[in-house]
Structures are given as structure tokens and as C-alpha cells.
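Results of the structural survey
Listed here are the chains, written in short residue letters.
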Amino acid sequence: MAGANGYAGMTAVNLLARHPRAELCQLTSRSYSGKPFHDVFPLLELAGEFQDELDVSRLDVIFSCLPHNVGAATAAAWLGAGVRVIDMSADFRLRDASQYPVWYRQDHPAPGLLEEAVFGLPELHERELRKARLVAVPGCYSTAATLALAPAAAKGLIGSDIVVDAKSGVSGAGRSPGLGVHFSEINESVGAYAIAGHRHLPEVTQELGRLAGGGRVQVTFVPHLIPMTRGILATCYFDLAGSPAELEDAYREFYAGQPFTKVVAQSPTTKLASHSNLCLINVAAQGRKAVVTAALDNLLKGASGQGVECFNIAFGFDRSTGLGGPMQWP
């Protein structure tokens, strides 16, 4: 694993260390280089020390939890060595290279790999994931919003522009310290941010547009930071092109048999999905306005749990392997 010291990396380590079909043999971290694994993961029986770089000759798959635009520069070499890559950053999520300067303020370092990358949302791309060499695990917000809207988009039940109001726990901002995530700043306070446009928005429009037959889907997305550690609640509004019963049926049919995305009878809370790989979705309406809510754990279904799902699919394991029960924070 490359970059095992952030929240996504640490969560992935905890999942894979307990996975019956995975062996964690290398972990990299520049800040922990040379330190034994048990200094960072005292509850796991892991022997070894953190390294600066990976020795790819000994690996079948790399979980890349490096910062945006860092892993992309080395992904081609990893793939060339015959290693599969499950990338947790935003480096390969967007298929259009011209979007990276817009949203990430720099050109993509490996645009030739974008066409090969598979968007790692198993509910939408399980077939492609079975043969994927390069998986782009979607962002936490885009996972929640896309799963909340996918059945309606696929069935043509969205009759207007979409508004997504999303709220996230502070761990979604990452592990690096910053004024905006200090306890005294975030405690007892809620605020919107990135109103001009959040980086996860183009992931949502990309996937919804594909489901809608290639048409343009207009989404207004406003995220909020909530004084809790983990969890996302996305509330999605659109004019309903159909009846509430048709909408409910569309969601239950679309997610029938899915192990982790469940349609529930009441609007879910983030605590119901906390420490699990579940996305819980409720479908409702106020008159002709559809109101769809989705709750998930941003570190699991919104990040590392979904990465392990993709790993399971790519290597032919059951999707639930290593993800069956509640996940305990290290």
C-alpha cells in the first residue's frame, strides 16, 4: 500500500489486515518511514517497517492512497510491472483530461491511462471491474450522491435540474491539520463550503450523464461540514417525472441483490451506516418534488471499504469478503 498514514490508508490497512484473502506485505509512508507497523497500528498483528517506496516485484495489487496527482505519475510504471492498481485519489476518476485543469488546477500527468481506468462504483460498474487493471475509487460525496440518484437517472424519472445538499463529518477533510478543522472552529458549528463548485461534482454529472443516455445532467451540489467524525448524509431534490410509486419501484429494482446499497423505509441517519460499508437510501416526495436521502460512512463505503469491494471483484472473491461486519476504528 502506498500512503498508509492518512485516514483512507489507515482504514484500508485495518480492513486488509483482517481480509482472509489478502496479505499486507508493504506499507509506505514518508512521515513514518523506518518505524515499525505496530507503532501506528498497535491492535493489528503486522510485522515490518514502513518504507519510502514500494518494491513492485513482490506485489499483485497496490492500494494507492497518495495525494492527488502524486500516484498518477507512477501508476504507469506499476501497471507496466504487471501490478493492478486501486487508486483512492481523484487522479483517474474523470474520463475527460480537460476537466483536470478546471477542477484540480493542473494538467493530468498520465492522460493516456484515463480511458483504461474503471470508475470504482460496483453498483454501476461491476462487470468492468472484473477485468480492471486500474480502478479509480470515487470520492465520498460523489458515491453518496450518485447512488442516491442513479436509479432515477437510469429510468428517466428526473424532470428538472437536481439539487444535492450534502453534509460530511470532519474526517472527510483528511488527516492533515488545518484551521478549518480545529476542534474550536468546527465544534457546535455547521457551514457550507465550496459553493462555487466541489471537486466531486464532475464525478456525479459524469456518471449520471452516462446513465441518462449521454445527456447533460445539471446538478447544483453544496457540501457542508458537520461537527462529527465520520459519515455523510446527502439529500437530493428534483421534480419527479412519474409517480412516487414508480420512483420507489425503480430504486428497489435497481438495487435488488446489491450487498451494500439498501433502500430503507425511513430517511436514514449517518449513525445507522457508521463503521459499515453500507449506503442506506430512502425515497420520498413532497408533492411533485422527489426527496431522496442517502447515508454512508465516508471512510468505508465512501472510500476504503469501497476500495476493498473493488479488490474483491477484480480478484474474483465474493464482494462481501472482509466487509461483512461493522468495522472498528483503530
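Just so you know, these numbers come straight off a predicted model, no measurement behind them. (Residues numbered from 1 in each chain as written. Predicted model: local features only at pLDDT ≥ 70, side-chain atom pairs only at ≥ 80, totals over all residues. Heavy atoms only, no water.)

**Things to note about the overall build of the protein chain**
- Assigned secondary structure in the protein chain consists of 11 helices and 11 strands.
- Over its C-alpha atoms the protein chain spans a radius of gyration of 19 Å, differing by no more than 12% from the 20 Å that the globule rule assigns to 330 residues.
- The C-alpha extent of the protein chain, read off along each of the three principal axes, is 60 × 45 × 40 Å.
- Among the 330 residues that make up the protein chain, the fraction classed as buried is 52%.
- Accessible area of the protein chain: about 14600 Å², with a carbon and sulfur share of 50%.
- In the protein chain, the 27 positive side-chain charges and the 31 negative ones have mean positions that sit 3 Å from each other. (Helix = DSSP H or I, 4+ residues; strand = E, 2+ residues; numbered from the N terminus. Rg over C-alpha atoms; globule rule 2.2 N^0.38 Å. Buried < 20%, exposed > 50% of the residue type's maximum accessible area, 1.4 Å probe, protein only. Areas by Shrake-Rupley, 256 points an atom, 1.4 Å probe, with all protein chains shown as cover. Lys, Arg positive; Asp, Glu negative; His and termini not counted. Charge placed at Lys NZ, Arg CZ, Asp CG, Glu CD.)

**Quick word on empty space enclosed by the protein**
- Summed over all chains, the structure comprises 2 cavities of 30 Å³ or more.
- His68, Asn69, Ala90, Asp91, Tyr100, Tyr104 and Gln106 are the residues that line the largest cavity.
- A class-by-class count of the residues in the lining of the largest cavity yields 3 nonpolar, 3 polar and 1 charged.
- Along the walls of the second largest cavity sit Val61, Arg84, Val85, Ile86, Ala132, Arg133, Val135, Ala314 and Phe315, which together make up its complete lining.
- The element best represented in the lining of the second largest cavity is strand β2 (residues 84-87), accounting for 3 residues. (1 Å grid on protein atoms, 1.4 Å probe; cavity = no way out; pocket = protein on both sides within 12 Å on 5 of 7 lines; lining within 4 Å. Points joined across faces, edges and corners; volume = space filled by probe spheres on them. Nonpolar A, V, L, I, M, F, W, Y, C, P; charged D, E, K, R; others polar.)

**A short note on the layout of surface pockets**
- In this structure, the largest pocket occupies an estimated 1400 Å³ of space.
- Lining the largest pocket are 49 residues, and of these Ala8, Cys65, Leu66, Pro67 and His68 sit closest to its centre.
- If you list the elements that add at least two residues to the lining of the largest pocket, you get α1 (7-17), α3 (72-80), α6 (140-154) and α11 (300-314).
- Element by element, the count of residues in the lining of the largest pocket is highest for α1, at 3 residues.
- For the lining of the largest pocket, a count of residues per class yields 23 nonpolar, 20 polar and 6 charged.
- Estimated volume of the second largest pocket: approximately 320 Å³.

**What about the pairing of strand β10 (residues 279-286)?**
- Across 3 bridges, the pairing between strand β9 (residues 261-263) and β10 is parallel. The residue of β10 that forms the bridge with Lys262 is Leu280.
- The antiparallel hairpin formed by β10 and strand β11 (residues 289-296) contains 2 residues in its connecting segment, where Gly287 sits at a positive phi of about 65°. (Pairing = 2+ DSSP bridges.)

**A closer look at the side chain of Asn312**
- For Asn312, the position within the fold is in helix α11.
- A relative accessible area of 0% places Asn312 in the buried class.
- Beyond its immediate sequence surroundings of up to four residues, Asn312 is in contact with His19, Phe317, Asp318, Arg319, Ser320, Thr321 and Leu323. (Contact = heavy atoms within 4.5 Å.)

**What to know about the nonpolar core**
- In this structure, Phe92, Val164, Leu208, Phe238, Leu247, Tyr251 and Ile281 are the most contacted members of the largest nonpolar core, which totals 63 residues.
- Element by element, the count of residues in this core is highest for α6, at 10 residues.
- In terms of nonpolar packing, the next biggest core, distinct from the first, is built from 35 residues, Val40, Leu300, Cys310 and Phe311 among them. (Core = buried A, V, L, I, M, F, W, Y, C linked by side-chain atoms within 4.5 Å.)

**Examining the environment of Cys310**
- When you line up the elements, Cys310 lands in helix α11.
- The class of Cys310 is buried, set by a relative accessible area of 0%.
- Sequence separation between Cys310 and Ala17 is 293 residues, and the spatial gap between their C-alpha atoms is 16 Å.
- Setting aside residues up to four positions removed in sequence, Cys310 forms contacts with Ile86, Gly120, Pro122, Leu129 and Val135.

**Digging into the environment of Ser33**
- In this structure, Ser33 sits in the loop between α1 and α2 (37-40).
- Among the residues examined, Ser33 registers a relative accessible area of 32% and is labelled partly exposed.
- The spatial distance from the C-alpha of Ser33 to the C-alpha of Gln51 is 5.1 Å, given a sequence separation of 18 residues.
- Residue contacts for Ser33: discarding those within four places in its chain leaves Phe50, Gln51 and Asp52.
- A distance of 2.9 Å separates polar atoms of two side chains, one belonging to Ser33 and the other to Asp52. (Polar contact = N/O pair within 3.5 Å; in protein donor to acceptor, adjacent residues only side chain to side chain.)

**Brief notes about helix α9 (residues 244-254)**
- Buried within α9 we find Leu247, Ala250 and Tyr251. In a view along the axis of α9, the buried residues occupy a sector of 95°, so they form one face of it. Away from its buried face, by an angle of more than 90 degrees, α9 presents the exposed residues Asp249 and Glu253.
- The inward-facing, buried residues of α9 contact α6, β8 (232-239), β9, β10 and β11. (Arc of directions from axis to C-beta.)

**Quick word on the packing of aromatic side chains**
- Applying the stated criterion across every chain yields a total of 10 aromatic pairs.
- In this arrangement the basic side chain of Arg84 is found over the ring face of Phe315, its NZ or CZ atom lying 4.8 Å from the centre. (Phe/Tyr/Trp six-rings, centres within 6.5 Å; stacked < 30°, edge-to-face > 60°. Lys NZ or Arg CZ within 6 Å of the ring centre and 35° of its normal.)

**Side note on the confidence of the model for the protein chain**
- Per-residue pLDDT for the protein chain averages 94, and the proportion of residues at 70 or more is 98%.
- Here residues 326-330 is a poorly scored stretch, pLDDT under 50, and it has 13 contacts once near neighbours within four places are set aside; other chains count. (pLDDT = per-residue confidence, 0-100.)

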